[in-house]
2 protein chains.
Amino acid sequence: MKNILLLGAGLSASTLIKYLLDRCEAEDWMLHVVDQNSAQLQQKLNGHPRGIAHLFDALDSQVRRPYIAQAHIVISMLPAIHHVEVAKDCIALQKNLLTPSYISSEMRALHQEALAAGILILNEIGLDPGIDHMSAMRIIDRIKGKGGVLKSFKSFCGGLIAPASDNNPWHYKFTWNPRNVVLAGQGPAACYREMNELKYVTYQRLFQQLDTIEIENYGTFQGYANRDTLSYMSTYGIEDIPTIFRGTLRRPPFCEAWNVFVQLGMTEDHFQIHGSEKLTPRQFLNAFLPFQEGVSVEDKLLLFVAKNQQIFELFEAIGLFEDHAPIGLSNASPAQLLQHILMDKWRLHQGDKDMIVMVHQIQYQQDSKRYQIDSSLVVEGQDERYTAMANTVGLPIAIACKMIMTGQIHEKGVTLPVSAAIYEPILNELEAFGLIFNETKKQI
Amino acid sequence: MKNILLLGAGLSASTLIKYLLDRCEAEDWMLHVVDQNSAQLQQKLNGHPRGIAHLFDALDSQVRRPYIAQAHIVISMLPAIHHVEVAKDCIALQKNLLTPSYISSEMRALHQEALAAGILILNEIGLDPGIDHMSAMRIIDRIKGKGGVLKSFKSFCGGLIAPASDNNPWHYKFTWNPRNVVLAGQGPAACYREMNELKYVTYQRLFQQLDTIEIENYGTFQGYANRDTLSYMSTYGIEDIPTIFRGTLRRPPFCEAWNVFVQLGMTEDHFQIHGSEKLTPRQFLNAFLPFQEGVSVEDKLLLFVAKNQQIFELFEAIGLFEDHAPIGLSNASPAQLLQHILMDKWRLHQGDKDMIVMVHQIQYQQDSKRYQIDSSLVVEGQDERYTAMANTVGLPIAIACKMIMTGQIHEKGVTLPVSAAIYEPILNELEAFGLIFNETKKQI
């Protein structure tokens, strides 16, 4: 009997746990899940005889280590900054590790040690990063295999709300970590390449510089630049490609309105607002609007948005002009106050379903002709537990876990899923779960 | 014989050292100066029999401590982050300490310990902070003494270039630490109060929201918000004042042009540019301009500045369109690249003189009438050693040092110069050195 150790049983672990439990009997596995939330553990394991709940702090290396020692493989669903510590334990104990997070430079530095330990540390094996790499590499490898030359690679992904549950003018609800949504784009500038020119987009302009994407049956989306794309040129084996861009999708006019928060400074997280516990939403907004004697907060905002009535209404819809009660957070940063306001307005209601949208736009040249491939995936959630996010993040990890347990993956070291030996079987099995890319090709 | 220990003999220490050496014989003092730059030490002490050079790293607490033990007073001209460590030594050894820097929260936390040790740790006793507090408090105390009620306090200061040396269209040269100039305004948002409304200005809008100041014989200046002003309401004893604002002065159109760098992200310091060692100024600029196929860098910038020809020419003047040689910095942040370009263009030349401008605009009500006091100080540098910066930063510290050595200051603990017992004698002696505020009063 082989043990699988899963660290963290949060929102996006539902589908992962179900997939593994469904196969535990046949494959003779035991699934050990560590979390500090007892109710969450019970709910997800649901009394399954092959699922064992462990109620302790998975960040505690001392307590965690004996469980890793007993495992055949470890899956870390902990916050990304903790993966490196888990990886060091896995190297010491010669256990394979899976994470759905971006490879940090500290993680990358463990490659030789992982090779020496004879283990695989497979990262970026969720949705974004994860399915994005695998689906892109399948197209890239196919084009290269036919002798085509890659000219442009653009890829977009967004975690949104399904059309049937889309009933606010932002066309957005929190379907994942609200704090990450509010802070999105802060940190190092996004970086990409366009027609061989190096391009940086810092936070000030991030939500102003948008690509528009149309998807059949789903309408219009807008994408803003996502992180540093340049490293993917070598990861994807497309070092000479003139254009490479990765973006995050929202529904219009989300980005245009969010840019107002950015410009006003209301998403800042590095200082605390004086007397934040007393501020109403109206006072909070007013603290960031330029002073104009005798002018109402509404009129100051209208002026700030160049009298754009549609954008103005988005701010009205989240109650930013309300003055009857304080937001109620002490020693809070602007980002924390804003998140608190939005969590009330962008909350998922009973029956709400989320939606994942992924799009690749790939141009290449072959026999003096230029072609564009558009490939898109739209996934709507099944219910509140098996959300689109839980399915698209959890299934690739779960399938990769199964493949490692059954000896189908031979790669070692610190890596991500860009080789055909990994992505082909995973993408094929994802299709069986209904995660199917819709692809069109045209000459341009 | 009493010892004075000065840590750091950089640019702004020239006047400070001269003032103290001039009085060492009469007062029976010895001045010990610690620096790692031997040439700098020799030049500033100039063989004076009462000046002793110590060539070691003043940040090394082990080496430094015996010298503090021998001193009557310590003056720290080290970078601001090191003052707290020096202060801890001074508390342990019961020695007074002077610094020209803002009181950090760590420094403030040492107040009780300093009181218990029976010492004075006097901070913010340079120019800005320093002369600004003292000259403001003199006016505030005078108004209060006559029964006036403070209604508005606005204060501005700038380190600039003297009119005779002002020969570039930015009307700016580096008269102090260039890195601090490039990073100015980053960090926590500036905060102030206007007609009882709390106001925050984050970096994105800092150089857009400007006050205009006219000074007789010197023309027009523009001020942008400087740090968090609210703490000065209690420091100055004006807790109920409806308007309080502190700003930094530049000549127009400096701020408008600098705002373009801010908006483009070219002052960012938290990430490194890919292949920065190969980038020419033109490529560096182009990396931050939105992509437009077939459009020249000049035309893209012109479009970004809404075809403002004057602003465009400022960028031309610093060679940003040049393409013949790389800037030449490896692993550099945008801020580092920009600083490197500007250090060449904004360098002080032989004979160039700097200039300090300080302005207070104070409104108060008395007998149902409202008055405004405008008080301004303009100081031009004498020569390359005794610059306006060295004089205005060094003299207040030097005078405070003399007053402590001669028993004229009785205050203890961690403080800044806002009591009349400290500011009156210092401001009076500054006037003897020609640092005289020009004050006008009008009914409004």
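Look up: the structure comes first, before these words.
Residues numbered from 1 in each chain as written. Chains lettered and ligands numbered in written order. Predicted model: local features only at pLDDT ≥ 70, side-chain atom pairs only at ≥ 80, totals over all residues. Heavy atoms only, no water.

What's the story with the interface of chain A and chain B in this structure? I'm lost.
When the parts come together, some accessible area is lost, and that loss is often what is quoted as the size of the interface. With 34 residues of chain A at the interface, the matching set in chain B holds 34 residues. Each partner contributes to the roughly 3100 Å² buried at the junction of chain A and chain B, and carbon and sulfur atoms together form 57% of this total. Joining chain A to chain B, the criterion identifies two salt bridges. Measuring nitrogen to oxygen at the nearest pair gives 3.6 Å for the salt bridge that ties Glu197(A) to Lys300(B). Where chain A touches chain B, the interface holds 16 residue pairs in polar contact (both at pLDDT 80 or more). Elements with a contribution of two residues or more to the side of chain A that touches chain B: β8 (190-194), β9 (197-201), α9 (203-206), α11 (254-264) and α13 (297-304) of chain A. The leading source of residues in the side of chain A that touches chain B is β9(A), at four residues. Taken together, the residues of the side of chain A that touches chain B break down into 17 nonpolar, nine polar and eight charged. (Contact = heavy atoms within 4.5 Å. Buried area = accessible area lost by both parts, 1.4 Å probe. Salt bridge = Lys/Arg side-chain N within 4 Å of Asp/Glu carboxyl O. Polar contact = N/O pair within 3.5 Å; in protein donor to acceptor, adjacent residues only side chain to side chain. Helix = DSSP H or I, 4+ residues; strand = E, 2+ residues; numbered from the N terminus. Nonpolar A, V, L, I, M, F, W, Y, C, P; charged D, E, K, R; others polar.)

Is there a simple way to explain the side chain of Arg193(B) in this structure?
Residue and element names in this part refer to chain B. Assignment of secondary structure puts Arg193 in strand β8 (residues 190-194). In this structure Arg193 is buried but unpaired, with Asp240 as the nearest side chain of opposite charge at 5.9 Å. A distance of 3.2 Å separates polar atoms of two side chains, one belonging to Arg193 and the other to Asn196. Beyond its immediate chain neighbours, meaning those up to four positions away, Arg193 contacts Leu230, Met233, Glu239, Asp240, Ile241, Pro242, Thr243 and Ile244. (Buried < 20%, exposed > 50% of the residue type's maximum accessible area, 1.4 Å probe, protein only. Lys, Arg positive; Asp, Glu negative; His and termini not counted.)

Where do I start with the pattern of salt bridges in this structure?
Should the charged atoms of two oppositely charged side chains come close, the side chains can pair. Residue and element names in this part refer to chain B. Inspection of the entire model under this criterion finds 42 salt bridges over all chains. The shortest N-O distance in the salt bridge between Arg179 and Asp269 comes to 2.6 Å. Of the two residues, Arg179 sits in helix α8 (residues 178-183) while Asp269 sits in the loop between α11 (254-264) and α12 (281-286), which places them 90 residues apart along the sequence. Note on Arg179: relative accessible area 32%, which makes it partly exposed. Asp374 is the salt-bridge partner of Lys442, the closest N and O atoms lying 3.9 Å from each other. Highlighted residues: Lys442 in strand β16 (residues 438-443) and Asp374 in strand β14 (residues 369-380), separated in sequence by 68 residues. What makes Lys442 partly exposed here is its relative accessible area of 45%.

It is not clear to me how the relation of the copies chain A and chain B should be interpreted in this structure. Could you clarify?
Each of the two chain copies goes to the other by way of a rotation about an axis and a shift along it. Superposition record for chain A on chain B: RMSD 0.0 Å, screw rotation 180°, translation along axis 0.0 Å. Both copies are brought into coincidence by an operation consistent with a two-fold rotation axis. Closest approach to the rotation axis within chain A is made by the C-alpha atom of Gln204(A), at a distance of 3.3 Å. A shared binding surface is used by both copies, with 100% of the interface residues of chain A retained as interface residues in chain B. (Least-squares fit on C-alpha atoms with pLDDT ≥ 70 in both.)

Can you walk me through the sheet that holds strand β2 (residues 29-35) of chain A in this structure?
The strands that make up a sheet are held in pairs by hydrogen bonds between backbone atoms, and each pair lies either parallel or antiparallel. All names here are of chain A. An order of β3-β2-β1-β4-β5-β6-β15 is seen for the seven strands of this open sheet, with the pairing classed as parallel. The two strands at the open ends of the sheet, each matched to only one other strand, are β3 (51-55) and β15 (413-415). Adjacent strand axes in the sheet meet at a mean angle of 15° when their direction is disregarded. As paired strands, strand β4 (residues 73-76) and strand β5 (residues 96-98) are joined by three bridges and run parallel to one another. The residue of β5 that forms the bridge with Ile75 is Leu98. Helix α3 (residues 61-70) contacts β1 (2-7), β3 and β4 of the sheet and is inclined by roughly 145° relative to β1. (Pairing = 2+ DSSP bridges. Axes fitted to C-alpha atoms, helices over the stretch in contact; angles between N-to-C directions.)

So, to be careful, I would describe these as geometric facts and stop short of saying anything about function.
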